[in-house]
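Geometric and topological summary
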Protein chains: 2
Amino acid sequence: MRERIEDALRAAIRDGRLAEGARLPPTRTLARDLSVARGTVLAAYTQLATEGWIRGTRGAATTVARVAADPDQGDPGATDPPPPRHDLRPGRPDPSAFPRAEWVRALRRALAEAPHEALNYGSAQGSAVLRTELAAYLRRARGLRVRAADLVVTTGFTQSLTLVAHALAARDAGAVAFEEPSLEPHRAIVRAAGLAVVTAPVDAHGIRVDELPPAALAVLTPNRQHPLGVTLAPERRAQLLERSRTDGMLVLEDDYDGEFRYDGRPIAALQSLEPSVVIYAGTAAKALAPGLRLGWLAVPDALRADVVAAKELLDRQTGVLDQLAFAELLRSGGYDRHIRKMRLRYRRRRDVLLTALGARFPDLEVAGTAAGLNLLLRLPDAASEERALAAAHARGVALQGLAEGAYYEGEPEYGLIVGYAATQEHAYAAAVEALVGALGNAGVESTRPSARISIPS
Amino acid sequence: MRERIEDALRAAIRDGRLAEGARLPPTRTLARDLSVARGTVLAAYTQLATEGWIRGTRGAATTVARVAADPDQGDPGATDPPPPRHDLRPGRPDPSAFPRAEWVRALRRALAEAPHEALNYGSAQGSAVLRTELAAYLRRARGLRVRAADLVVTTGFTQSLTLVAHALAARDAGAVAFEEPSLEPHRAIVRAAGLAVVTAPVDAHGIRVDELPPAALAVLTPNRQHPLGVTLAPERRAQLLERSRTDGMLVLEDDYDGEFRYDGRPIAALQSLEPSVVIYAGTAAKALAPGLRLGWLAVPDALRADVVAAKELLDRQTGVLDQLAFAELLRSGGYDRHIRKMRLRYRRRRDVLLTALGARFPDLEVAGTAAGLNLLLRLPDAASEERALAAAHARGVALQGLAEGAYYEGEPEYGLIVGYAATQEHAYAAAVEALVGALGNAGVESTRPSARISIPS
């Protein structure tokens, strides 16, 4: 009864029926009217006064305090947006492939063994259990020279870059160099941390190291340049490390999809050549699921404490349940198995896409096909990119334009970045068909008559 | 065989046996020596060249590139630190109470229903499924005036404060006001975002609103001041909101343990009185587990887009698996049941502690006992706090000193903040005994002979 009195009064005050200064009935009167004990009304008034809705419960006049009037319109709730009809967005794995049952089993097994203290406030650097498994995985799968003590667990590459940028900003580092083209949101992170952004162009051998402006850090995608798909050539790797040794420039190696190479064997990470100047960044976003939010950094000794301090400052630590389940998935070999399975699946999809494009558009230039989750269809100008995007949009095909995506700080190039991993398996053939139809509508076949399909390795 | 050749050469280059410029044997020679096909050796050399270990595979002289020499010392792995023997640290729930099996079940049920798209890159604001459940919970349990659309899901209060600070810093807001005393790491977050910190003292009615300096935001703990344990009095609530209406100061209500009130009923959040000026911050850290990293903000319309933009910039989105499992726990009523169970457990523990302290130290001033996960033992000076901490440390009791904890920007007060929730249930009696023993050793009983045990409501 007391709660009902409170609720009724709160509602009346909220929706303005009881305005500021209005006198409430004396407790004795209200109790008689409602046929309840006076103590019940008194208790309700006391609670409302404690919460700040009314004033002066003990004197004669109990009045309404000043409170925002705002009729409660109810809550329609919220709904997550549906996926596009044909999902060919780049940088996304097949979300239906996330091993849901295996993940739940891994979490259950991990929680069966984890000490209670694992659930408490813990290490900003990351769970030791995960770092130990992850270091072994990175040595095995990506050739890293890394120990558990070198790793920092993050919530993905976005946070990894944020942490490195904050650590450098605290040292008054000057500029951070990016590849041109590169992801605009990454450059935005660096700018938001108070650092300047500079760029160097990318050619068929990767970033032009000789055109890199002075910088405290270069953020690079050596394994597979995003979005162009070029692998950093051996002589550029040597040049880059030479530069680092000379002027102290650090390299942040964004190894976002290093596990997915279809032609030839995986190329060991740059970090393995010179772990003292290369910060290695990995993620579970492409191999498991983007929504999982798990990433990691291998950080050289000189910078590690600052990166961990930034992590502690910004969000204290990464969630332990994901960390423990992922450690168990690594330990059991389930992660390796999943990657092998997905590598085969994505390679098949790439082949399907190349065949379909080659049959219909023999003159279209296709790049970045040896690895990764997407390839690049080059287009000659802004008009053809816009036409192709409009045609794709009209057929419900979601993909990314090269100029549209703001990858370039300067004059953009043109093309479509087509992600062949993002759709579900059963929907893939239809997505490719829709893409081919859209490209046909846009007249893409005639845009570069002299080019051949090139499949760089 | 090819891999063994590669591994052997990588190892020799890493540990310095093959130095920069050293010539590798010609492929033909090595193939003969190893009795393998020349093509095998050539493939190994090509891979090593691609990765940057050697140069010039196609000419006559294949030489070792410049690579950091660094004998691999193996990886000892990492170990998480053990918990203290007697864990009376403040602000921590009993980690053994985390409902492990129920959480795994909730995740399994949530994953059985979630669309595939839920695992993709998703909303920086948070899963709509969780926001819908959470809004209903906050209306029901904390009296909030909130809809799903008002909420932002974060990884805990640390990130919540970071996001609000970044959103304000982008507007060139001036100062942020804190209670004196308050948590130093929170003030550090605000400073790191480039904002000034100002403070106002706390008395028996909560923060002295009349002493609040001009500020764009006041970060407050109205339900239970941390660490003093005072509840913000009704007249102070009115004064605070009047101030906000007058000069536009926002309030960030840190409702870190609002569910845990033992004497009397929960006090509805300040946000319910004036949702247009109060940003409400909640967390699962005290009710479930700190390591979970789940928090939430109810943000007034005017600031919400900026807070969501800061979230997207800093770490893109909160992990979906935790969000979906938590939504299911809210939906099923499991979260409410867990809180009711823990509220009873912690109230029993508080009573045990008060009885033990009252019996042995009748003159000790004990504050902040009506709610929360910890209480405050006031001590008269630095020497007595240091003595008490040393005695506690000697017995393996982990707790927090008021001066030691850097809660004060100015002259500190002295005391011990004793967390009665942090230990496991079976270990609690021994922890209280160890604390009482330590306080006896430190001579605490005689520090304030004139004071009585006061239990403010």
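Residues numbered from 1 in each chain as written. Chains lettered and ligands numbered in written order. Predicted model: local features only at pLDDT ≥ 70, side-chain atom pairs only at ≥ 80, totals over all residues. Heavy atoms only, no water.

1. A short note on helix α6 (residues 157-169) of chain A
Residue and element names in this part refer to chain A. Given a rise of 1.5 Å per residue, 13 residues ought to cover 18 Å, and the 18 Å separating the end C-alpha atoms of α6 matches this to within 8%. Counted residue by residue, α6 has 11 buried out of 13 residues, so it is predominantly covered. Regarding α6, the residues found buried are Phe157, Thr158, Gln159, Ser160, Leu161, Thr162, Leu163, Val164, Ala165, Ala167 and Leu168. (Helix = DSSP H or I, 4+ residues; strand = E, 2+ residues; numbered from the N terminus. Expected span 1.5 Å × (residues − 1). Buried < 20%, exposed > 50% of the residue type's maximum accessible area, 1.4 Å probe, protein only.)

2. A look at the packing of aromatic side chains
Applying the stated criterion across every chain yields a total of 10 aromatic pairs over all chains. A centroid spacing of 5.6 Å and a plane angle of 20° characterise the contact between A:Trp296 and A:Phe326, whose relative ring orientation is stacked. Highlighted residues: A:Trp296 in strand β11 (residues 295-298) and A:Phe326 in helix α10 (residues 320-331), separated in sequence by 30 residues. Accessibility classification places A:Trp296 together with A:Phe326 in one group, the buried group. Among the aromatic residues, those joined into a ring-pair cluster are A:Tyr137, A:Trp296, A:Phe326 and A:Tyr335. Stacked on the ring of A:Tyr428, the Lys or Arg A:Arg349 has its end atom at 5.1 Å from the ring centre. Residue placement shows B:Arg316 over the ring face of B:Tyr121; its charged tip is 3.9 Å from the ring centre. (Phe/Tyr/Trp six-rings, centres within 6.5 Å; stacked < 30°, edge-to-face > 60°. Lys NZ or Arg CZ within 6 Å of the ring centre and 35° of its normal.)

3. Digging into the relation of the copies chain A and chain B
Mapping chain A onto chain B is achieved by rotating through 180° and translating by 0.0 Å along the same axis, at an RMSD of 0.1 Å. When the rotation and shift are considered jointly, the pair of chain copies conforms to a two-fold rotation axis. Judged by C-alpha distance, A:Val104 is the residue of chain A that lies nearest the rotation axis, at 3.4 Å. When the interface residues of chain A are mapped onto chain B, 99% of them are again interface residues, pointing to one common binding face. (Least-squares fit on C-alpha atoms with pLDDT ≥ 70 in both. Contact = heavy atoms within 4.5 Å.)

4. Some remarks on a positive patch on the surface
Together, A:Arg105, A:Arg108, B:Arg105 and B:Arg108 line one region of the surface with positive charge. Structurally, B:Arg108 is set in helix α4 (residues 100-113). Residue class for B:Arg108 comes out partly exposed when judged on its relative accessible area of 41%. (Patch = residues over 30% accessible without salt bridge, like charges linked within 9 Å, V, L, I, M, F, W, Y side chains within 5 Å. Areas by Shrake-Rupley, 256 points an atom, 1.4 Å probe, with all protein chains shown as cover. Salt bridge = Lys/Arg side-chain N within 4 Å of Asp/Glu carboxyl O. Lys, Arg positive; Asp, Glu negative; His and termini not counted. Charge placed at Lys NZ, Arg CZ, Asp CG, Glu CD.)

5. Remarks on the interface of chain A and chain B
In this complex, chain A contributes 98 residues to the contact, which on the side of chain B involves 97 residues. Surface buried jointly by chain A and chain B totals about 8100 Å² across both partners, of which 54% is contributed by carbon and sulfur atoms. When the buried area of chain A at its contact with chain B is split by residue, A:Arg100, A:Tyr121 and A:Arg265 rank highest and sum to 9% of it. Counting across the interface, chain A meets chain B through eight salt bridges. Notably, a salt bridge pairs A:Arg139 with B:Asp75, separated by 3.0 Å at the nearest N-O pair. (Buried area = accessible area lost by both parts, 1.4 Å probe.)

6. Let's talk about the pattern of salt bridges
Counted according to the given criterion, the structure contains 77 salt bridges over all chains. Between A:Glu409 and A:Arg187 there is a salt bridge, and its shortest N-O distance comes to 2.6 Å. Remark: A:Arg187 occurs in helix α7 (residues 184-192) and A:Glu409 occurs in the loop between β15 (400-401) and β16 (414-419); sequence separation between them is 222 residues. Residue A:Arg187 is classed as buried on the basis of its relative accessible area of 1%. One connected set of salt bridges, linked through shared partners, spans A:Arg2, A:Glu6, A:Asp7, A:Arg10, A:Glu51 and B:Arg265.

7. Thoughts on unusual backbone geometry
In this structure, the amide linkage connecting A:His226 to the following residue, A:Pro227, adopts the cis form with an omega of 10°. Along the chain, the position of A:Pro227 falls in the loop between β8 (217-220) and α8 (234-247). Of note, B:Arg316 is a non-glycine position whose phi angle comes to about 70°, a positive value. What makes B:Arg316 partly exposed here is its relative accessible area of 28%.

8. Some thoughts on the environment of B:Phe260
Residue and element names in this part refer to chain B. Its place among the elements puts phenylalanine 260 in the loop between β9 (250-254) and β10 (278-283). Along the backbone, phenylalanine 260 and leucine 373 are 113 residues apart, and their C-alpha atoms lie at a distance of 7.5 Å. Not counting residues within four places of it along the chain, the set of residues in contact with phenylalanine 260 comprises Lys286, Ala287, Ile339, Met342, Arg343, Tyr346, Ala371, Gly372 and Leu373.

9. Here's the deal with the packing of helix α11 (residues 334-360) of chain A against helix α13 (residues 428-441) of chain A
Residue and element names in this part refer to chain A. Where α11 contacts α13, the two axes come as close as 11 Å, and the packing angle between them is 30°. In terms of orientation, α11 lies roughly parallel with respect to α13. Of the two elements, α11 crosses α13, and the hand of that crossing is right-handed. Contacts between α11 and α13 involve Arg349, Arg350, Val352, Leu353, Ala356, Leu357 and Arg360 on the former and, on the latter, Tyr428, Val432, Leu435, Val436, Leu439 and Gly440. Looking at the contact of α11 with α13 residue by residue, the classes come out as nine nonpolar, one polar and three charged. (Axes fitted to C-alpha atoms, helices over the stretch in contact; angles between N-to-C directions. Parallel < 35°, antiparallel > 145°, perpendicular 65-115°, else oblique. Left-handed = near helix turned anticlockwise from the far one by under 90°. Nonpolar A, V, L, I, M, F, W, Y, C, P; charged D, E, K, R; others polar.)

10. Re the sheet that holds strand β5 (residues 175-180) of chain B
Residue and element names in this part refer to chain B. Strand order in the open sheet formed by eight strands is β4-β11-β10-β9-β8-β5-β6-β7, with mixed pairing between adjacent strands. Whereas interior strands pair on both sides, the edge strands pair on one side only; in this sheet they are β4 (151-154) and β7 (206-207). Here β4 runs beside strand β11 (residues 295-298); their pairing, made up of four bridges, is antiparallel. By the bridge assignment for β11, valine 152 is matched with leucine 297. (Pairing = 2+ DSSP bridges.)

11. Focus on the sheet that holds strand β12 (residues 365-367) of chain A
Residue and element names in this part refer to chain A. What the four strands build is an open sheet, ordered β12-β13-β16-β15; its pairing is antiparallel. With one partner strand each, in any of the chains shown, β12 and β15 form the two edges of the open sheet. As defined by bridge partners, β15 adjoins β16 across two bridges and the pair is classed as antiparallel. If you follow glutamine 400 over to β16, its bridge partner there is isoleucine 417.

12. A few points about the nonpolar core
Within the largest apolar cluster, 145 residues are counted, with the highest numbers of intra-cluster contacts made by A:Trp103, A:Phe326, A:Tyr335, B:Trp103, B:Phe326 and B:Tyr335. Not counting residues up to four positions away in its chain, the partners in contact with A:Trp103 are A:Phe98, A:Leu288, A:Leu292, A:Leu294, A:Asp322, A:Ala325, A:Phe326, A:Leu329, B:Leu107 and B:Leu321. Counting 33 residues, the second largest nonpolar core, distinct from the first, contains A:Leu240, B:Ala31, B:Val41 and B:Val64. (Core = buried A, V, L, I, M, F, W, Y, C linked by side-chain atoms within 4.5 Å.)

13. Topic: the packing of helix α5 (residues 128-142) of chain B against helix α10 (residues 320-331) of chain B
Packed helices, taken two at a time, are described by the angle between their axes plus the distance between the axes. Residues and elements named next belong to chain B. Where α5 contacts α10, the two axes come as close as 9 Å, and the packing angle between them is 35°. α5 and α10 meet at a crossing whose hand is left-handed. Counting all contacts with α5, which are made through Val129, Leu130, Glu133, Leu134 and Tyr137, the residues of α10 involved are Gln323, Leu324, Phe326, Ala327, Leu330 and Arg331. Along the lines of polarity and charge, the residues of the contact of α5 with α10 split into eight nonpolar, one polar and two charged.

14. Some remarks on the environment of A:Trp103
Mapped onto the elements of the fold, A:Trp103 is located in helix α4 (residues 100-113). For the pair A:Trp103 and A:Leu329, spaced 226 residues apart in sequence, the C-alpha to C-alpha distance is 7.3 Å.

15. Comments concerning the side chain of A:Arg261
Inspection of the secondary structure puts A:Arg261 in the loop between β9 (250-254) and β10 (278-283). From its side chain, A:Arg261 meets the backbone oxygen of A:Asn223 in a polar contact 2.9 Å long. (Polar contact = N/O pair within 3.5 Å; in protein donor to acceptor, adjacent residues only side chain to side chain.)

16. With respect to the environment of A:Glu312
Residue placement: A:Glu312 occurs in helix α9 (residues 301-315). Under the relative-accessibility criterion, A:Glu312 is labelled partly exposed at 48%. If sequence neighbours within four positions are ignored, A:Glu312 has contacts with A:Ala124 and B:Thr158.

By themselves, these are just geometric observations and shouldn't be taken as functional.
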